[in-house]
Every structure is written in C-alpha cells, then in structure tokens.
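# An overview of the molecular structure
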Amino acid sequence: LIELGVGPEVLVGLCLERSVALVVGLLAILKAGGAYVPLDPGYPGERLAFMLEDTGARVLVTQQSLVAQWADLGKCAVCLDADRREIAARSFVNPARAATADSLAYVIYTSGSTGRPKGVMIAHRALVNHMVWICRALALDESDVLLQKTPISADAAVWEFFAPLLLGAPLVLTSDDAIRDPVQLAAALQKHGVTTVQLVPSLFRVLTHEHGLADCAALKRVLCGGEALPTDAAQDFLASSPAHLYNLYGPTESCIDSLWWRCHRNGDRARVPIGRPIANTRAYVLDEHRQPVPVGVAGELYLGGDGLARGYWKRPELTAERFVPDPFSGRAGARLYRTGDRVRYLADGNIEYLGRLDHQVKLRGYRIEPGEIEALLGELPAVREAVVVLREDTAGDARLVAYLVGRDQTIDVAALRAALGRTLPETMIPTAFVVLAALPLTPNGKIDRRALPVPEYGQRAGVRVPARNPVEEAVAGVWCELLKLREVGVHDNFFELGGHSLLAMRLLSSLRALFGVELSVRSLFEAPTIAEVGERICTALAGEDVARALPITALARGATLPLSFAQQRLWFLERWTGGAAPYNIGRGYWVDGPLQVARLQAALAGLVSRHETLRTALVEVHGEPRQQ
Ligand code: AMP
C-alpha cells in the first residue's frame, strides 16, 4: 500500500466480505497511514461506485470475487486473496508511523437528504478516544470473546474490529446468513462463548423474546444502540439474564458512541435514558437560539469534544451548517455538532432521548434520510412529487412508505422499485407505494405528513393465485401472519408485500419449526415467492411425506390452552362490540311429524362429545383469554 502511495490523508476503498482478510485490510490501511472508506459488498453497484468516485480514492483493497464490478473505474485494486503471493514477498517490518492524531482514520458514508450520501471524516484522535473509553468503561480484557456482526458500512462495526486487536481477545467472524438469522445468531453466541455483543434494539427484542438470548451462558454484556431501546425489551432481558445491558447513543459524526447508560433491573422509568457523555465528550441541550434549556425541558442535543468528526468529505457548506462554533468551552476553534435529536436533561443528570427534530429516521438501526429517497423518486420521469415517511401501523413493525403524485401516465410501481434498487440498499427501498391525486397540505402550504393515508400493504395488481398444495398453504399461512395480510398469492413477492430482513428471519424460523427444513435468508432473496419457497421445501424434504412433515400433535388437556388467532379475533370483537354477539347466527326450523326429544338430545350430546370446541369455554387468566 505504501508503494502505491498510501499515507496520511490518502483514502483507500475497502470492499471485502466479512473475513479475516477484512480485518487484515483494515489494519493494513491504518498502518500505512491512510484512511479507509468501507464499501459494503451488499450495496448496489451504483451506490458503491458513487462513494468511491466521490472520495477520489485511487486504491481499492478487495478480493477476487468482487473485483470485476470495479474494473472500469480505473482504480488500482489490491486483491488480498489473489495477490497473496506478491504481498507475502514484501517486507514484514512494521512501517514507521506516518499518521498523527489529526490524520483521517476513516470516511463513512451515511444517507444524505439532498439525494446523495455524505462522507463523515473521522480522525485518529476520535477513534483512539472511543477505543480507550470502551475498553475501560466496559472492563473488556483478553478473556472476552467478541462477535463481529455490524456491516462495515456502519460505524458501530469499527470498535467490533479494533477492540479485540487492542485487547488480544478473540473475534468471532460468521457468515452474513448466520448474522441475519436469529436462530443461527443465538447458536453462534452459544457455540463460541461470546461475552460481548452489540445489537440494534429491533434484533435485540427478537432474540430476547423468541430465541433465548438470556440463555447464552457466557454472555456478560449486551450493547444496544442505533435507535431507541424499548423499556419492555430491556426489562424482559434483565429479568432473565445476569448480563449487563447498555444503551449506547451516538451519531457517526461523533465517532460511534457519545452517551451511554447501563440499564437497571426493575427500573421504573418510562423511557430508557441515553445517559451521560463518554470520556472527553460534552453534551448540551440547547434551544433554537443555542441557549441551554432548563432540566426537564426538551431541546436539541449538541455534542462537543474529542469524538467530533472533521466534517463531511468535500461538503464545506454542510459541514458549516452542522458543526457550529462552540460558545461554551472557551477553547479557540472548538466546535459543537448539532445532532438534530430532541432530548432533555433528567433531574439526576442523565439525558433522555425524545425523538428527531427533522425527518431523518432509523429503520432496524439503519440511518435514512427520506429526502434522499424523495430526491431519487423526483428524478424519475413518471413522478411529479414524492414524499417518503416511516410508518408504524402495527406496533413493532415500522415500514417506509412512498406517497407519489404522478405526471400524466399511470405509475408502474415495479419499475420505480427497480429504479431505486439500482442506487439504494434494500433497507432504503419503500415497502409500499401510494399514488395520490395530490399531496395533503397544511394551511400554510407545507406537506401535511400526518394526513397521509394508511397504505394498503401488500396490495398488488393482477390475479392472485391461491395456494395449490398443503406446503404452499402452510407457507401462505405464515406469510399472512407475519405480513399482517388476509390473503396472499403464491406468486407474490415477500419483499414487495412489506417483508424485510427481520421478518425474513422470523419467516425462516417458522418454516424450520413447521417443516424441519433449513432455508437461508439468501435463498429467500433469490426465491421470494410462496411457489418458489414451497418448491425448495419440497426439494429439501425430497419425497418425504408432507403430511408427516407437517405433524399435528395433540396437546395434553387439563391446563388452560391459548387461543387460535381466529379465536383471539372473535374474542376481541366480542368485547369490542360490548357483547353484541354479531357472529351468533340464529335460525328456526320446522319439524315435520312428532319430535322425538330423546333422539334430538342424544344427537346433540353426540355432537358435543365429538367436537371439543363445543365443550370449550373461554376464560380470562391474568387478562389473557384462555380455552378451558
Ligand atoms: P448513526 O449515525 O447511524 O449512528 O445514527 C445516529 C442517530 O441514531 C442519532 O442521531 C439518533 O437519532 C439515533 N440513535 C442512535 N443511538 C440511539 C439510542 N441509543 N437511542 C435513540 N436514538 C439513537
């Protein structure tokens, strides 16, 4: 790398799959004195090409299987696998340290509201400050085992890589599939005796509630961050695990984490606080005149200290807008970063996160500027206006929805989706597109986001083909339950109906439980319809009797039993309508000839003894309906 001119302030693209080579590549670029730009191989080619072009990086560290997509960009590619011999022939002596505390360590791109991603420039000072803090604050040492699971494009990945190197502790690297699938992830945590893991709250909740995160015996610490940590998930975990749980808060612009809080068992707080600043970091809660607000009053969070980024790569105006002079520290040239986060100080000196002041959203930990998606939609010829919002129409299931006003032609949603897919990562592609005659406006002419209608998730044009065999029927049942749909067709696409990676993992767990068949998340991306999934299941079962693969086993009677979903629905409706019994059907019959009461009695008794459900009462146990 040094021979190729890498040194201080020189950016190097880094595009590798999660592997030992990736760790080597990261370390090598920093040792050469350069700064790395992580390029997630899972991103669409156009987005990666934009990032690499924008940085002006001349050198790319990559691997043979990924190098082809960069071929026509005219970059000098170093393939850590294919060039292994040539690399091995070079010197093994540590190079002289060329970088200083102020030299760039990495540039990470995040979503940009004007339609293109922006690069956040982090220097060694900020990185070292964070690394020293996290190792000390969490009392990490060489006996710890860490799992690398965050994609390299997110800054939370940075410390996952460097902490084990600094501590001499093992780092567990697993496949993307294992990380996306909670069953495999929980198994990996168990198998490798992982002591410290970092999870976004949405995945933390699924692992805690459905996959026994608390049963991972070696686990000492769980670090949640990236979005608000729900109190119930935190309390449920703490009630069943001796591990420590932390809520970490921080924007990429202030190097990974800026505030932190250790969660307590039985905390009676309505929200989990984001706590206090990490080492050499300052936090201010200011009003719109940049004056501090009193304790308890909401304001914008401003951050200062050693963690601050140098700014945005080649974007001086944006840098000046977000990194403002610091009037409090008294140090010449000191700056504060305006986070755009609405927070307040609590009486005990901790800070509580309340929400955003702008439209930026977090979806499963991924930072998204809806403006970036709106700008791309606005460039398409069929679209006159577009607004994108994150909706949570079902609790715990947030989805991006695009509202569009077309030009004259009708809008082809599939074409829009494909166009967005060329530049946006999967998480940023809206799950529903709603075409409106006009966008609703507030009295002063702004788009009234609250007046945007609830979309019909899963609506699609064309004929819906119903399930054609028991396997498809069972798969369709799971889809409907997960996607909250009444019906699906066997050729409908899981992701177009609102499925996302987290739901995909739950789908695969359900299919595993139903059929005993192991399907990967990748296979679902390749074959996202019920017909295709059904085929794969049949192939996997390879002639096994499907009826046997779908066992229906009787549960022991005696105890009260849960309700089926259909029963739950009726129970709910019954209470909702205040006992109006709209589902009871009354009917009268004329009987010809004399009625033999004993026979009728015996027939009814036979019916009741034959059908358990006719002998079942619904009782309430701790506020939950049960069958008795
Ligand atoms: P990123 O740059 O991707 O790390 O995203 C930073 C943004 O994520 C922050 O400005 C917050 O809006 C949000 N965020 C990060 N951590 C937390 C947390 N623990 N609680 C609430 N919001 C968070």
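Refer to the structure printed above.
Keep in mind that this is a model prediction, so the values were computed, not measured. (Residues numbered from 1 in each chain as written. Predicted model: local features only at pLDDT ≥ 70, side-chain atom pairs only at ≥ 80, totals over all residues. Heavy atoms only, no water.)

### Here we look at the sheet that holds strand β23 (residues 397-406)
Sheet architecture is open: 3 strands sit in the order β22-β23-β24, paired in mixed fashion. Each having just a single partner strand, β22 (383-394) and β24 (432-435) make up the two edges of the open sheet. Averaged over all pairs of adjacent strands, the angle between strand axes in this sheet comes to 25°, irrespective of strand direction. Two strands pair when backbone bridges link them, and β22 and β23 are joined in this way by 9 bridges, in the antiparallel orientation. Counted as the bridge partner of V388 is A402 from β23. (Pairing = 2+ DSSP bridges. Helix = DSSP H or I, 4+ residues; strand = E, 2+ residues; numbered from the N terminus. Axes fitted to C-alpha atoms, helices over the stretch in contact; angles between N-to-C directions.)

### Considerations on the environment of E17
Considering the arrangement of structural elements, one finds E17 in the loop between β1 (11-15) and α1 (20-31). Through-space distance from the C-alpha of E17 to that of E612 is 55 Å; in sequence the pair is 595 residues apart. Setting aside residues no more than four positions away along its own chain, E17 makes contact with L22, P41, Q63 and L66. (Contact = heavy atoms within 4.5 Å.)

### Points about the pattern of salt bridges
Inspection of the entire model under this criterion finds 26 salt bridges. The partner of R90 in a salt bridge is E3, and the shortest N-O contact between them spans 3.0 Å. Here the residue R90 occupies a position in the loop between α4 (84-88) and β5 (104-110), and E3 occupies one in the segment before β1, the gap between them amounting to 87 residues. In this structure, R271 and E352 form a salt bridge, with 3.1 Å as the shortest nitrogen-oxygen distance. In this pair, R271 sits in the loop between β12 (259-262) and β13 (276-277) while E352 sits in strand β19 (residues 351-356), placing the two residues 81 residues apart along the sequence. (Salt bridge = Lys/Arg side-chain N within 4 Å of Asp/Glu carboxyl O.)

### Observations concerning helix α6 (residues 156-167)
Because each turn of an α-helix spans 3.6 residues, side chains separated by three or four positions end up pointing in the same direction. Its 12 residues place the ends of α6 18 Å apart at the C-alpha level, agreeing with the 16 Å of an ideal helix rising 1.5 Å per residue. α6 sits mainly inside the fold: 9 of its 12 residues count as buried. Inspection of α6 places A157, V158, W159, E160, F161, F162, A163, P164 and L167 among the buried residues, and these make up the whole buried set. Downstream of α6 by one or two residues, G168 has phi in the positive range, about 75°. (Expected span 1.5 Å × (residues − 1). Buried < 20%, exposed > 50% of the residue type's maximum accessible area, 1.4 Å probe, protein only.)

### Here's the deal with the site of the ligand
Neighbouring residues of the ligand: 15 residues in total, closest L248, T252, D341, K362 and R367. N247 is positioned such that a nitrogen or oxygen atom in its side chain is 2.9 Å from a nitrogen atom of the ligand. Take L248: an N or O atom from its main chain is 2.8 Å from a nitrogen atom of the ligand. Those elements that provide at least two residues to the shell around the ligand are β11 (244-249) and β19. Sort the elements by how many residues they give to the shell around the ligand and β11 lands first, with 3 residues. Classifying every residue of the shell around the ligand by side-chain character gives 6 nonpolar, 4 polar and 5 charged. (Near = heavy atom within 4 Å. Polar contact = N/O pair within 3.5 Å; in protein donor to acceptor, adjacent residues only side chain to side chain. Nonpolar A, V, L, I, M, F, W, Y, C, P; charged D, E, K, R; others polar.)

### As for empty space enclosed by the protein
Tallied over the full model, the rule gives 1 cavity of 30 Å³ or more. Roughly 30 Å³ of volume is contained in the largest cavity. In terms of lining, the largest cavity is formed by L26, Y36, P38, I152, A157, V158 and F161. Elements supplying a minimum of two residues to the lining of the largest cavity: β2 (35-38) and α6. In the lining of the largest cavity, the residues fall into 7 nonpolar, no polar and no charged. (1 Å grid on protein atoms, 1.4 Å probe; cavity = no way out; pocket = protein on both sides within 12 Å on 5 of 7 lines; lining within 4 Å. Points joined across faces, edges and corners; volume = space filled by probe spheres on them.)

### Let's talk about the layout of surface pockets
Where empty space is left can be seen by rolling a probe of water-molecule size over the atoms. Roughly 1,200 Å³ of internal volume is contained in the second largest pocket. L1, A28, I87, R90 and S91 are, among the 30 residues lining the second largest pocket, the residues nearest its centre. For the lining of the second largest pocket, the element with the highest residue contribution is α1, accounting for 8 residues. Tallied by class, residues from the lining of the second largest pocket come to 20 nonpolar, 3 polar and 7 charged.

### Some details on helix α14 (residues 470-483)
Across its 14 residues, α14 extends 20 Å between first and last C-alpha, which sits within 8% of the 20 Å expected from 1.5 Å per residue. Most of α14 sits out of view: 10 of its 14 residues are buried. Considered for burial, the residues of α14 that qualify are V471, E472, A474, V475, A476, V478, W479, C480, L482 and L483. Just downstream of α14 lies K484, where phi reads positive at about 55°.

### Focus: the nonpolar core
The biggest cluster of nonpolar side chains holds 62 residues, and the ones touching the most others in it are F204, F237, L245 and I537. Of all the elements, α14 adds the most residues to this core, at 9 residues. The contact partners of F237, leaving out residues within four places of it in the chain, are F204, T208, L213, A214, L219, V222, A243 and L245. Formed by 60 residues, the second largest nonpolar core is a distinct cluster that contains I29, V78, L248 and Y312. (Core = buried A, V, L, I, M, F, W, Y, C linked by side-chain atoms within 4.5 Å.)

### Overview of the side chain of R364
By secondary structure assignment, the location of R364 is in the loop between β20 (361-363) and β21 (366-368). Buried within the structure, R364 lacks any salt-bridge partner; E426 is the closest side chain of opposite charge, at an N-O distance of 5.0 Å. Within the structure, R364 has its side chain in polar contact with the side chain of H500 (distance 3.3 Å). Ignoring any residue separated from it by four or fewer positions in sequence, one finds R364 in contact with V200, S202, E227, A398, T427, H500, S501 and L502. (Lys, Arg positive; Asp, Glu negative; His and termini not counted.)

### Describing the environment of A504
Tracing the chain through its elements places A504 in helix α15 (residues 501-515). Assessed through its relative accessible area of 0%, A504 is described here as buried. With 10 residues separating them along the chain, A504 and F494 place their C-alpha atoms 8.4 Å apart. Residues contacting A504, with those up to four places away along its chain left out, are F494, F495 and L524.

### Concerning a nonpolar patch on the surface
Together, V591, L595, V597, L600, L604, L607, V608 and L614 give the surface a local cluster of nonpolar side chains, amounting to about 700 Å² of exposed area. Turning to its location among the elements, V608 is positioned in helix α20 (residues 597-610). A relative accessible area of 32% places V608 in the partly exposed class. (Patch = residues over 30% accessible without salt bridge, like charges linked within 9 Å, V, L, I, M, F, W, Y side chains within 5 Å. Areas by Shrake-Rupley, 256 points an atom, 1.4 Å probe, with all protein chains shown as cover.)

### Considering the packing of aromatic side chains
In total, this model carries 11 aromatic pairs according to the counting rule given. Relative to W260, the ring of Y246 has its centre 5.9 Å away and its plane inclined at 25°; by these criteria the two rings are stacked. Placement of the pair is Y246 in strand β11 and W260 in strand β12, with a sequence separation of 14 residues. Here a set of aromatic residues connected by ring pairs shows up, and it is made of W479, F494, F495 and F525. We note R47 situated over the ring of Y43; from NZ or CZ to the ring centre the distance is 6.0 Å. (Phe/Tyr/Trp six-rings, centres within 6.5 Å; stacked < 30°, edge-to-face > 60°. Lys NZ or Arg CZ within 6 Å of the ring centre and 35° of its normal.)

### Looking at the packing of α14 against α15
Helix packing geometry: the angle between the two helix axes and the distance between the axes. Between α14 and α15, the shortest axis-to-axis distance is 10 Å and the interhelical angle comes to 145°. Crossing of α14 over α15 shows right-handed handedness. On α15, the residues that touch V471, A474, V475, V478, W479, L482 and L483 of α14 are L503, R506, L507, S510, L511, L514 and F515. For the contact of α14 with α15, the per-class residue count stands at 12 nonpolar, 1 polar and 1 charged. (Left-handed = near helix turned anticlockwise from the far one by under 90°.)

By themselves, these are just geometric observations and shouldn't be taken as functional.
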